[in-house]
Amino acid sequence: NITNKQHRMIIKKIIKKLHKLYYTSSSARYIQYLRDNGVKVGDNTKVLDPKKIQVDISRPELLEIGENVFLHRGTIILTHDWASWCFVNLYNEFIPSHGKIKIGNNVWLGENVSILKGVTIGDNVIIGIGSVVTKNIPSNSIAVGCPAHVIGSIEDYYKKRKTAYAEE
């Protein structure tokens, strides 16, 4: 026999799952979901696969995403970490760790990019596939790696691609 309280909890879980199915069904709905939850998101920002993205909205005031940003499949954005879990178990004390993340305008994130707390990514930046961004990335840069580091300017990459495109 299910109690009324258990019945309500089951219904809440079903509603929560249906809500998630809805807001992850399109890029526009996911962006609106972020905005509705207090995240600043600029115009023309896109999410390739909203079902396969993780954006920390536990403290939405710590996240700002600019205009014309492309969040690829597998993007992870974390404004906090749960390392303090170990402190709770060891010292019986919760010491949170969090930091603001700001993503500028005209930023492209490759697939499976992770952005950790306290990072600013400038304008006109490309972050390569699988990179883990742990430090600030200046504007007009290309960054790759784990941890991500700048490997060149967007202008140099543009010129390289323009030449390579003609040859391809």
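Described below are features of the structure shown in this document.

Reading the values: the criteria
- Residue numbers restart at each chain and count upward from 1, following the sequence in its written direction.
- It should be noted that, the model being predicted, local features are given only for residues of pLDDT at least 70 and side-chain atom pairs only at 80 or more, the latter also being counted only at that level, while totals for whole chains, interfaces and linings use all residues.
- Values shown for side chains rest on all heavy atoms present in the structure; no hydrogens or waters enter the calculation.
- A run of H or I in DSSP counts as a helix once it spans at least four residues, and a run of E counts as a strand once it spans at least two, with each numbered from the N terminus.
- Type-normalised accessible area, obtained with a 1.4 Å probe on protein chains alone, sets the label of each residue: buried when under 20%, exposed when over 50%, and partly exposed for intermediate values.
- Reported accessibility uses the Shrake-Rupley method at a 1.4 Å probe radius. Residues are deemed covered only where the shown protein chains occlude them.
- One side-chain nitrogen of Lys or Arg within 4 Å of one carboxyl oxygen of Asp or Glu is enough to make a salt bridge.
- Patch criteria: residues need more than 30% relative accessible area and no salt bridge. Like-charged residues are merged within 9 Å; nonpolar side chains of Val, Leu, Ile, Met, Phe, Trp and Tyr are merged within 5 Å.
- For two strands to be treated as a pair, DSSP must find no fewer than two bridges joining them.

### As for the overall build of the chain
A count of helical and extended segments in the chain gives four helices and 16 strands. Dimensions along the principal axes, computed over C-alpha positions, put the chain at roughly 70 × 40 × 25 Å. Classification of the 168 residues of the chain by burial places 33% in the buried group. Total accessible area on the chain stands at roughly 10,700 Å², and carbon and sulfur atoms take up 56% of it.

### A look at the pattern of salt bridges
Across all of its chains, the model carries five salt bridges by this definition. For the salt bridge of arginine 73 with aspartate 49, the shortest nitrogen-to-oxygen distance reads 3.4 Å. With arginine 73 in the loop between strand S5 (70-71) and strand S6 (76-77) and aspartate 49 in the loop between strand S2 (46-47) and strand S3 (54-55), this residue pair connects regions lying 24 residues apart in the sequence. Given a relative accessible area of 29%, arginine 73 falls into the partly exposed group. Take aspartate 49: its relative accessible area is 16%, and that puts it in the buried class. Linking lysine 100 and glutamate 64 is a salt bridge whose minimum nitrogen-to-oxygen distance equals 3.7 Å. Separated by 36 residues along the polypeptide, lysine 100 in the loop between strand S8 (97-98) and strand S9 (101-103) and glutamate 64 in strand S4 (residues 63-65) bring together distant segments of the chain. Classification of lysine 100 by relative accessible area gives partly exposed; the value is 39%.

### Thoughts on a nonpolar patch on the surface
On the surface, Ile2, Ile10, Ile14, Leu18 and Leu21 cluster together to form a nonpolar patch covering roughly 490 Å² of accessible area. Looking at the secondary structure, you find isoleucine 10 in helix H1 (residues 4-23).

### Things to note about the sheet that holds S9
Pairing is parallel across the open sheet formed by four strands, whose spatial order is S1-S4-S9-S12. Across the chains shown, the open sheet's two edge strands, defined by having one partner strand only, are strand S1 (40-41) and strand S12 (120-121). With two bridges connecting them, S1 and S4 associate as parallel partners. Bridge pairing in S4 links lysine 40 to glutamate 64.

### Digging into the sheet that holds S3
Across a sheet, strands are paired by hydrogen bonds formed along the backbone, either parallel or antiparallel in direction. Pairing within the open sheet is parallel, and its four strands lie in the order S3-S6-S11-S14. Each edge of the open sheet carries a strand with a single partner, namely S3 and strand S14 (132-133).

### Quick look at the pairing of strand S16 (residues 148-153)
Both strand S15 (residues 141-145) and S16 contribute to a ladder of five bridges, which runs antiparallel. Counted as the bridge partner of serine 141 is serine 153 from S16. Between the antiparallel neighbours S15 and S16 lie two residues.

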